[in-house]
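Each chain, written out:
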Amino acid sequence: MPPVFAHGRLRLYLLKLLDEAPRHGYEVIRLLEERFQGLYAPSAGTVYPRLAKLEAEGLVTYATEGGRKVYSITEAGRAELADRGGELADLELEIRESVSELAAEIRDDVRGAAGALRREMRAAASASATPVEDASWAAAKEELRKAKQEWKEQARRAKDESRRAREEAQAARRQAKEAQERAREEVMRIASQFQEQFAKSGGMLGNLAGSWLGGSGAGPSTGTGTGTGTGKAATTAADPASGAAPSAPAAPHWAEDLASTGDPARDLDRLLDRFRDDVRDAARDHGVTPAGLAEARAHLATAADLLARTLGPRR
């Protein structure tokens, strides 16, 4: 008989059953038997130790009701189910395939038994001078008919379950791929929006090596020129005599070499790491003046507010 659950898969399926509703151990065994259409039922020695291990790992908890333990999934258990969504879809398909294989074995057994029964009946008819279809003969034929009917029904159910499982698995994989693509597009959109906003507020990405950490003549507190000091320092070249690097235009393709990993949160962390490295390189190459630090603080405050609004809840 083929294995019903591969290594570690019964543990995952127990979490799925408990995510549907709190259950006691006997109910879990009965549900598994129903899912396998009566072709497989795990023993208590298989289910209860695994429930106890899940409880020890903090993935399930239990309450005693009527002298029995009723198990419920915890938030940690739901998190593991969410992380292993693709594996769970594959497991559902494997269960349908296991049902098909078990039904095939039953079919082969029925065919073998039916063949043996036919041979015995023919031998009995040949040995009898006056073959008469008595009560035992009729009973044997009826048993054979019932067995064949039962096999056909089980084979039909197994085929339907297998087809549904394949369709569900294909849909899950397609949805996962679409979600990954949407996440990648969202990351690129946010990165592009950051670049545009930073360029509008004075080239906060492209000018970090210059106007942010530049010479002592820049900064919001200098009050030179007309308008605010920050706006002028961000939009004009620094005085060569002050030692500040000239303002450079914002890089339109900043960090485009960072290919998407498919995980928006991880991609954002990588963009922030690149942002921090660029600032530190500029500080190391040009030094940091008190005025440059003051202007950098103002720009960082603007950037932090922009990021918080961009990543906040959509309305």
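Up top is the structure.
Remember, predicted model here, so these are calculated numbers, not experimental data.

Chemist: Just checking my understanding: could you explain the sheet that holds strand β2 (residues 60-65) for this structure?
Modeler: The pairing of strands in a sheet happens through backbone hydrogen bonds and is either parallel or antiparallel. Pairing is antiparallel across the open sheet formed by 3 strands, whose spatial order is β1-β3-β2. Two strands in the sheet have a free side with no partner beyond their single neighbour: β1 (23-24) and β2. With 6 bridges connecting them, β2 and strand β3 (residues 68-73) associate as antiparallel partners. Each bridged residue has a counterpart across the sheet, and for T64 the counterpart in β3 is K69. Sitting on the sheet, helix α1 (residues 9-20) touches β1, β2 and β3, and the angle it makes with β3 is about 95 degrees. Strands β2 and β3 of the sheet are contacted by helix α3 (residues 44-56), whose axis makes an angle of about 115 degrees with β2.

Chemist: Where do I start with the nonpolar core in this structure?
Modeler: A general tendency of soluble globular proteins is for nonpolar side chains to be buried together. The biggest cluster of nonpolar side chains holds 23 residues, and the ones touching the most others in it are L14, L15, L18, V28, L32 and V47. Looking at this core, the elements with two or more residues in it are α1, α2 (25-35), α3, β3 and α5 (85-127). Considering every element that reaches this core, the biggest residue donor is α1, with 7 residues. Each residue touching V28, except ones within four places of it in the same chain, is listed here: L14, L17, L18, R23 and V47. Within the second largest apolar cluster, 6 residues are counted, among which are W254, A255, L258 and L271.

Chemist: Even after reading the chapter, I still don't get α2, so can you show me in this structure?
Modeler: Residue pairs spaced three or four apart in an α-helix point in one direction, given the helix's 3.6 residues per turn. Residues of α2 that are buried: G25, E27, V28, I29, L31 and L32. Summarising the contacts, the buried residues of α2 are in contact with α1, β1, α3 and β3. Downstream of α2 by a residue or two, Q37 has a phi angle that is positive, lying close to 55 degrees.

Chemist: Can you help me understand unusual backbone geometry in this one?
Modeler: The phi angle of most residues is negative, glycine excepted, and most peptide bonds adopt the trans form. The phi dihedral of A255 falls on the positive side, at around 65 degrees, and the residue is not glycine. Relative to the helices and strands, A255 is located in the loop between α8 (229-235) and α9 (264-286). Taking the relative accessible area as the measure of exposure, A255 reaches 9% and is therefore buried.

Chemist: Teacher, can you tell me more about the environment of L81 here?
Modeler: Tracing the backbone shows L81 in helix α4 (residues 75-83). A relative accessible area of 9% means that L81 is categorised as buried. If sequence neighbours within four positions are ignored, L81 has contacts with L12, L15, K16, D19, I73 and L88.

Chemist: I tried to follow the pattern of salt bridges on my own but got confused; where do I start?
Modeler: Two side chains of opposite charge can pair, provided their charged atoms sit close to one another. Per the counting criterion, the structure on display carries 24 salt bridges. The shortest N-O distance in the salt bridge between R23 and E20 comes to 2.9 Å. Note on R23: relative accessible area 9%, which makes it buried. Between R78 and E75 there is a salt bridge, with its nearest N and O atoms 3.3 Å apart.

Chemist: Explain the pairing of β3 here, please?
Modeler: Looking along a regular strand, one sees side chains alternate from face to face of the sheet. Pairing of β1 with β3, which is carried by 2 bridges, proceeds in the antiparallel orientation. Looking across to β3, one finds that H24 is bridged to V70. Adjacent in sequence and paired antiparallel, β2 and β3 are bridged by 2 residues, among which G66 carries a positive phi angle near 60 degrees.

Chemist: Could you clarify how one ought to interpret the packing of α1 against α3 in this entry?
Modeler: A packed helix pair is summarised by two numbers, namely the angle formed by the two axes and the spacing between the axes. The N-to-C vectors of α1 and α3 enclose an angle of 75 degrees; their axes lie 10 Å apart at closest approach. Between α1 and α3, the interaxial angle falls into the category roughly perpendicular. Facing α1, whose interface residues are L10, R11, L14, L15 and L18, α3 presents T46, V47, R50, L51 and L54. Within the contact of α1 with α3, the residues separate by chemical class into 7 nonpolar, 1 polar and 2 charged.

Conventions adopted
Residues numbered from 1 in each chain as written. Predicted model: local features only at pLDDT ≥ 70, side-chain atom pairs only at ≥ 80, totals over all residues. Heavy atoms only, no water. Pairing = 2+ DSSP bridges. Helix = DSSP H or I, 4+ residues; strand = E, 2+ residues; numbered from the N terminus. Contact = heavy atoms within 4.5 Å. Axes fitted to C-alpha atoms, helices over the stretch in contact; angles between N-to-C directions. Core = buried A, V, L, I, M, F, W, Y, C linked by side-chain atoms within 4.5 Å. Buried < 20%, exposed > 50% of the residue type's maximum accessible area, 1.4 Å probe, protein only. Salt bridge = Lys/Arg side-chain N within 4 Å of Asp/Glu carboxyl O. Parallel < 35°, antiparallel > 145°, perpendicular 65-115°, else oblique. Nonpolar A, V, L, I, M, F, W, Y, C, P; charged D, E, K, R; others polar.

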